[in-house]
Amino acid sequence: MMMMLPIEQSALRAATLISERKLAQASDILLATLTAIRERNLFRSKWDVVAEAHLPQHQLCVNDLVFLPLSKGNVPSYPDWEDDFFNLPFCFLAPAGKASTTIVTDSLAKASAGACLYMLGLCYQLAAREQIGRQCPEEALKVAIDFYSQAWTTLQEASPASVPTDKNATALNDSSITFLLMAIATNAGSCSYELADLRASNIWFDILREMLTFCWLNDDHLSLELHNFFLMTSTINTTFVAASAA
C-alpha cells in the first residue's frame, strides 16, 4: 500500500529544482518517483508500514486533487504574458490533512505520474530553450515532446472527462487537471513548431483551442489568469504556425 504524501513531497522537491534551473537533479527525482509510483513503494520504512496500519485511510478520486503551477518558493502562479510556452512546473496536492492517509489508487497513480511526466518534458524544453546542459537543443525538444505525449495519454486515462472529445466536449469538468492538460498541449505544440513539424503543432494547438472552448472556469484570480494566458498563447502560436505554412 502506498500513500500520497511521499509522492507529493517528491514532486514539490522536483518543482523547486526546476525553478532553480537544476534540471538534471529534478529529472533524477522525477524518474525515481515514476518508478516508485509504478512499484507503489516510495521511501517507506518499516515504521511507515506500522503507522499506516493504525491510521484512518481515505480513498480519493482524481478530481479531489488540486493541480497547481508553481513559481519560485512553490507559490501558485502563472507565466508572464510575453512567454510563448508554459514554463512553470505543476504539482498536485491532496486535500489538507489527507495526503498522509490517502491510498494511491490506480487513477491517483496515473494522475501523479502524468504531472511528473509533464515536469520531465518541461526540464528538456527548458534545457533546449535556455541552453542548459550539453544535450543538442533539437534532441532535447524531441525528448520533451515524448514526455509530453506520455503525460497527455496518462492523464487522459486518469481523468477522461478532462479531455475534449465528440462525446464529452460539452461536459468538461472544472478540475484543475484541465489546466495541466492545457500546459501539455501548449508546450508540445511549441516544441513541434520549433522542430518545424507544423502538422503536429497544429494538432496540439487545435486540442488546446477545444479545451479553451469547453472548459468551465472557477471564478478565482489564478484560474482566470491561466485561462487568459492559454487563450493568448493559443492565438499567437496558431498565427505563427499558419504564417510558416503559407
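Residues numbered from 1 in each chain as written. Predicted model: local features only at pLDDT ≥ 70, side-chain atom pairs only at ≥ 80, totals over all residues. Heavy atoms only, no water.

Draft legend 1. Local environment of unusual backbone geometry. The backbone of Asn 74 sits at a positive phi, close to 55°, despite the residue not being glycine. Relative accessible area serves as the criterion here: at 27%, Asn 74 is assigned to the partly exposed category. Of note, Gln 131 is a non-glycine position whose phi angle comes to about 55°, a positive value. Along the chain, Gln 131 turns up in the loop between helix 4 (106-130) and helix 5 (137-158). Classification of Gln 131 as exposed rests on a relative accessible area of 64%. (Buried < 20%, exposed > 50% of the residue type's maximum accessible area, 1.4 Å probe, protein only. Helix = DSSP H or I, 4+ residues; strand = E, 2+ residues; numbered from the N terminus.)

Draft legend 2. Geometry of the nonpolar core. By size, the foremost hydrophobic cluster in this structure holds 74 residues, and its most contacted members are Phe 67, Phe 86, Tyr 118, Ile 184 and Phe 230. Non-local contacts of Ile 184, meaning those with residues more than four positions away in its chain, are made with Tyr 118, Tyr 148, Ala 151, Trp 152, Leu 155 and Trp 204. (Core = buried A, V, L, I, M, F, W, Y, C linked by side-chain atoms within 4.5 Å. Contact = heavy atoms within 4.5 Å.)

Draft legend 3. Broad picture of the packing of helix 1 (residues 4-19) against helix 4. With their axes 11 Å apart at the nearest point, helix 1 and helix 4 run at an angle of 10° to one another. By the criterion of interaxial angle, the relationship of helix 1 to helix 4 is roughly parallel. You can see that helix 1 and helix 4 cross each other, and the crossing is left-handed. For the pair helix 1 and helix 4, the contacting residues are Met 4, Ile 7, Ala 11, Ala 15 and Ile 18 in the first and Leu 108, Ser 112, Met 119, Leu 122, Cys 123 and Leu 126 in the second. Of the residues assigned to the contact of helix 1 with helix 4, the class counts are ten nonpolar, one polar and no charged. (Axes fitted to C-alpha atoms, helices over the stretch in contact; angles between N-to-C directions. Parallel < 35°, antiparallel > 145°, perpendicular 65-115°, else oblique. Left-handed = near helix turned anticlockwise from the far one by under 90°. Nonpolar A, V, L, I, M, F, W, Y, C, P; charged D, E, K, R; others polar.)

Draft legend 4. Representation of the environment of Cys 91 in the model. Along the chain, Cys 91 turns up in strand 3 (residues 90-93). Overall, the relative accessible area of 2% leaves Cys 91 in the buried class. It is 8.8 Å that separates the C-alpha atoms of Cys 91 and Met 119, two residues lying 28 residues apart in sequence. In contact with Cys 91, not counting residues within four places along its chain, are Ala 11, Leu 12, Ala 15, Val 66, Phe 67, Leu 68, Leu 70 and Met 119.

Draft legend 5. View of the sheet that holds strand 3. Strand order in the open sheet formed by three strands is 2-1-3, with antiparallel pairing between adjacent strands. The two strands at the open ends of the sheet, each matched to only one other strand, are strand 2 (75-76) and strand 3. Summarising the sheet, strand 1 (residues 66-71) and strand 2 pair through two bridges and their orientation is antiparallel. When the sheet's bridge partners are listed, Ser 71 is paired in strand 2 with Val 75. Contacting strand 1 and strand 3, helix 4 runs over the sheet at an angle of about 160° to strand 3. (Pairing = 2+ DSSP bridges.)

Draft legend 6. Focus on the pairing of strand 1. With respect to burial, strand 1 is a largely interior element, five of its six residues being buried. Of the strand pairs in this sheet, strand 1 and strand 3 are connected by four bridges, and their pairing is antiparallel. Counted as the bridge partner of Pro 69 is Phe 90 from strand 3. Taking the residues that link successive antiparallel strands as the turn, the strand 1-strand 2 hairpin has three residues, and the phi of Gly 73 there is positive, at about 80°.

Draft legend 7. Broad picture of helix 6 (residues 177-194). In this model, helix 6 (18 residues) spans 26 Å end to end at C-alpha, consistent with the 26 Å of a helix rising 1.5 Å per residue. Burial of helix 6 is extensive: 16 of the 18 residues sit out of reach of the surface. Ala 196, located one to two residues past helix 6, shows a positive phi value of around 65°. (Expected span 1.5 Å × (residues − 1).)

Draft legend 8. Structural detail: the side chain of Ser 190. Mapped onto the elements of the fold, Ser 190 is located in helix 6. A distance of 3.1 Å separates the side chain of Ser 190 from the side chain of Arg 129, its partner in a polar contact. (Polar contact = N/O pair within 3.5 Å; in protein donor to acceptor, adjacent residues only side chain to side chain.)

Draft legend 9. Quick look at the confidence of the model for the protein. When pLDDT is averaged along the protein, the result is 82; 81% of the residues meet or exceed 70. Note that residues 42-56 has pLDDT below 50 and, in this model, 18 contacts with residues that lie over four places away or in other chains. Segment residues 166-172: pLDDT under 50, and 16 contacts once partners within four positions in sequence are set aside and those in other chains are kept. (pLDDT = per-residue confidence, 0-100.)

Draft legend 10. Structural detail: the pattern of salt bridges. Applying the stated criterion to the full structure yields eight salt bridges. Arg 129 is the partner of Asp 84 in a salt bridge, and the nearest nitrogen-oxygen pair spans 3.0 Å. Taken together, the residues Asp 84 in the loop between strand 2 and strand 3 and Arg 129 in helix 4 connect sequence positions 45 residues apart. Among the residues examined, Asp 84 registers a relative accessible area of 29% and is labelled partly exposed. Residue Asp 206 is joined to Arg 209 by a salt bridge in which the shortest nitrogen-to-oxygen separation is 1.8 Å. Here Arg 209 and Asp 206 lie together in helix 7 (residues 198-214), a separation of three residues that amounts to about one turn. Salt bridges sharing common partners tie together Asp 84, Arg 129 and Glu 194. (Salt bridge = Lys/Arg side-chain N within 4 Å of Asp/Glu carboxyl O.)

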